[in-house]
Amino acid sequence: MHNKGLVVQKYGGSSVANVERIQKVAQRVVETRKKGYHLVVVVSALGDTTDELITLANKINTNPSEREMDMLLSTGEQISVALLAMAIHKLGIEAISFTGAQVGIITDTSHTRARIIKINTDKIKAELKKDKVVIVAGFQGVTLNQDITTLGRGGSDLTAVALAKELGADSCEIYTDVEGIYTTDPRIEPKAKKINAITYDEMLEMASLGAQVMQARSIEVAKKFNVPLHVRSSFSTSCGTMIIKEVDKMEDVVVSGITLNKNEAKITLCGVSDKPGIAVRLFKHLAEAEVSVDMIVQNVSHTRLTDISFTIAKSDCAKASKITKKVARDIAAGEVLLNEDIARVSIVGVGMKSHHGVAAKMFGIMAANKINIEMISTSDISISCIIKKKFAEIAVRKLHAEFGLSL
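These numbers were taken from a predicted model, which means no experiment stands behind them. (Residues numbered from 1 in each chain as written. Predicted model: local features only at pLDDT ≥ 70, side-chain atom pairs only at ≥ 80, totals over all residues. Heavy atoms only, no water.)

S.K.: In this structure, what is going on with the overall build of the protein chain? I would like to understand it.
M.R.: Helix and strand counts for the protein chain come out as 12 helices and 20 strands. Considered along the principal axes of its C-alpha atoms, the protein chain spans approximately 75 × 50 × 35 Å. Taking all 407 residues of the protein chain together, the buried fraction comes to 50%. (Helix = DSSP H or I, 4+ residues; strand = E, 2+ residues; numbered from the N terminus. Buried < 20%, exposed > 50% of the residue type's maximum accessible area, 1.4 Å probe, protein only.)

Printed below as a string of structure tokens:
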């Protein structure tokens, strides 16, 4: 068979949710193979397997060891890679499945959110030479000490991008249950449009601000090594969205997309004395506990006392509250308030760099719809507002229409 090059394909959990879908993925893989491409396929766990395993673990221990969680969660992908290999065999094509550990995806020791240090590609290359389709379990790796690790939510994207880079693949296709990247979540705004091409920077911003389509870390890696990504649907053959370095006509479009994140919480430390060194104590302890803090607002005080508010991922609530309360006691501050009833709405676009008045327009739309903004943060290409959760979806729809993104 004449080989046209190497393609890495990644299929998410919804693409392999049941037997029929696994068979469909197998057909798609075989079609690509028959066109003459070498193939490495990265697969996530079936459907909601990972969530089900987390639920199971929590029934046994609400605070399970992170090492054992990795042992448990990595089994999800081991099931899907084996089943996909069987489905491809049935269609008459040679395939072989591997776990992350077998393939030599070496990570650091941060259980549940490990980083890839290196990948030993010898095993994959040897099997590709034998004209086999190589199937790799996404989301997992192994430490030098032979402990199984996982790469965090959406980690299969990272596996695929890292393999594409290491193997010098011609393309990296990310298959999901949507047709590509949209101007916003089509489930919230049916008038959302598919974006044909988007820059790494915009996609990175959208992913880190709550767009669920791709993991932010995988886009960082793709950007760093210039791996072009094609996000497309595993249920149709139409072209999806290309994520690339730069896109023509970027300047004309001010806002490319709008994201919503409901998985955040706000912690406020009240009555802090307004003197140097207080903030560093709090945020140093949070950093040591690996709590990522996002927005921070410190009120200007006239009474020599101030409030410090910051946002974190909901999953870090318990840890962050505990640390903040301890710091509050140590510095004799006031009470610690936790607010989980918030959402972050963000607008993203490279065009913002060259257009002024975008923030004013966003705040105007919020005001016109009587939505109070609790916190604001900005970057070169995005503006985010923290608002009450009940206004989240209406805010997305209004901003989407006002910035001219609707169909």
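This is not the end of the story, as more comes after the structure.
S.K.: I tried to follow the packing of helix 6 (residues 155-167) against helix 8 (residues 216-225) on my own but got confused; where do I start?
M.R.: In a packed pair of helices, the relevant descriptors are the angle between the two axes and the axis-to-axis distance. Interhelical geometry of helix 6 versus helix 8 gives an angle of 15° and a closest axis separation of 8 Å. In this view, helix 6 runs roughly parallel relative to helix 8, as classed from their interaxial angle. Crossing angle aside, the handedness with which helix 6 passes helix 8 is left-handed. Along the contact surface, helix 6 presents Asp157, Leu158, Val161 and Lys165, while helix 8 presents Arg217, Ser218, Val221, Ala222 and Phe225. (Axes fitted to C-alpha atoms, helices over the stretch in contact; angles between N-to-C directions. Parallel < 35°, antiparallel > 145°, perpendicular 65-115°, else oblique. Left-handed = near helix turned anticlockwise from the far one by under 90°. Contact = heavy atoms within 4.5 Å.)

S.K.: Help me understand the side chain of Lys132, please; the structure alone is not making it clear to me.
M.R.: Its place among the elements puts Lys132 in the loop between helix 5 (122-129) and strand 6 (133-137). Judged by relative accessible area, which is 17%, Lys132 ranks as buried. In this view, Lys132 contacts Leu39, Glu94, Ile96 and Glu127; residues no more than four positions away in its chain are not counted.

S.K.: Hey, could you run me through the sheet that holds strand 12 (residues 241-244) in this one?
M.R.: Sheet strands line up and pair through hydrogen bonds in the backbone, either parallel or antiparallel. Within the open sheet, the eight strands sit side by side as 3-6-2-1-9-11-12-10. Their pairing is mixed. Sheet topology places strand 3 (95-98) and strand 10 (197-199) at the edges, where each strand pairs with a single neighbour. Neighbour to neighbour, the strand axes of the sheet diverge by 20° on average, direction disregarded. The pairing of strand 9 (residues 171-176) with strand 11 (residues 229-233) spans five bridges and is classified as parallel. By the bridge assignment for strand 11, Tyr175 is matched with Arg232. Along the sheet, helix 7 (residues 200-208) makes contact with strand 10 and strand 12, crossing strand 10 at roughly 80°. (Pairing = 2+ DSSP bridges.)

S.K.: What's the story with the packing of aromatic side chains in this structure? I'm lost.
M.R.: A ring pair, where both rings are aromatic, is described by two values, the distance of the centres and the angle of the planes. Within this structure, the stated rule accounts for two aromatic pairs. A ring pair is formed by Tyr11 and Tyr175, whose centres lie 4.6 Å apart and whose planes are at 10°; its orientation type is stacked. In this pair, Tyr11 is assigned in strand 1 (residues 5-11) and Tyr175 in strand 9, connecting sequence segments 164 residues apart. The buried category is assigned to Tyr11, whose relative accessible area is 0%. A relative accessible area of 2% means that Tyr175 is categorised as buried. With 5.4 Å between their ring centres and 80° between their planes, Phe283 and Phe310 make a pair best called edge-to-face. Of this pair, Phe283 sits in helix 9 (residues 278-288) while Phe310 sits in strand 16 (residues 305-313); the two residues are 27 residues apart in sequence, bridging distant segments of the chain. (Phe/Tyr/Trp six-rings, centres within 6.5 Å; stacked < 30°, edge-to-face > 60°.)

S.K.: I'm lost on the pattern of salt bridges in this one. Help?
M.R.: In a structure, side chains of opposite charge can pair up when their charged atoms sit close to one another. For the structure on display, the rule yields 18 salt bridges. For the salt bridge of Glu127 with Lys130, the shortest nitrogen-to-oxygen distance reads 3.5 Å. Among the residues examined, Glu127 registers a relative accessible area of 10% and is labelled buried. (Salt bridge = Lys/Arg side-chain N within 4 Å of Asp/Glu carboxyl O.)

S.K.: Help me understand the side chain of His111, please; the structure alone is not making it clear to me.
M.R.: Within the fold, His111 resides in the loop between strand 4 (105-107) and strand 5 (116-119). Not counting residues within four places of it along the chain, the set of residues in contact with His111 comprises Glu66, Arg67, Asp70, Asp147, Ile148 and Thr149.

S.K.: Please clarify how the sheet that holds strand 18 (residues 342-348) should be interpreted in this entry.
M.R.: With antiparallel pairing, four strands are arranged side by side in an open sheet as 13-18-20-19. The open sheet has two edge strands with one neighbour each: strand 13 (257-261) and strand 19 (375-379). Taking the axes of each pair of neighbouring strands and ignoring which way they run, one obtains an average angle of 20° across the sheet. Lying on the sheet, helix 11 (residues 358-368) is in contact with strand 18, strand 19 and strand 20 (382-388); it crosses strand 20 at an angle near 20°.

S.K.: Just checking my understanding: could you explain the environment of Ser315 for this structure?
M.R.: You can see Ser315 is positioned in the loop between strand 16 and helix 10 (317-330). Along the sequence, Ser315 and Ala265 sit 50 residues apart, while their C-alpha atoms lie 9.0 Å from each other.

S.K.: Sorry if this is basic, but what is going on with a nonpolar patch on the surface here?
M.R.: Taken together, the side chains of Ile79, Leu83 and Met86 make up a nonpolar region of the molecular surface, amounting to roughly 270 Å² of accessible area. Turning to its location among the elements, Met86 is positioned in helix 3 (residues 66-90). Here Met86 falls in the exposed class, since its relative accessible area comes to 52%. (Patch = residues over 30% accessible without salt bridge, like charges linked within 9 Å, V, L, I, M, F, W, Y side chains within 5 Å. Areas by Shrake-Rupley, 256 points an atom, 1.4 Å probe, with all protein chains shown as cover.)

S.K.: I'm lost on helix 3 in this one. Help?
M.R.: Think of an α-helix as 3.6 residues a turn; residues three or four steps apart then line up on the same face. In this model helix 3 runs 37 Å from its N-terminal to its C-terminal C-alpha over 25 residues, within 8% of the 36 Å that 1.5 Å per residue would give. One or two positions beyond helix 3, positive phi appears at Gly92, with a value near 85°. (Expected span 1.5 Å × (residues − 1).)

S.K.: Sorry, what's going on with the pairing of strand 18 here?
M.R.: Look at any regular strand and the pattern is simple: side chains alternate between the two faces of the sheet. Within strand 18, seven of the seven residues are buried, which leaves it mostly tucked inside the rest of the structure. Side chains Ile342, Arg344, Ser346 and Val348 project from strand 18 onto one buried face, and the interleaved Ala343, Val345 and Ile347 project onto a second face that is buried too. Relative to strand 18, strand 13 runs antiparallel, the two sharing five bridges. Counted as the bridge partner of Gly257 is Val348 from strand 18. Relative to strand 20, strand 18 runs antiparallel, the two being bridged by seven bridges. Within strand 20, the position partnered with Val348 by the bridge is Ser382.

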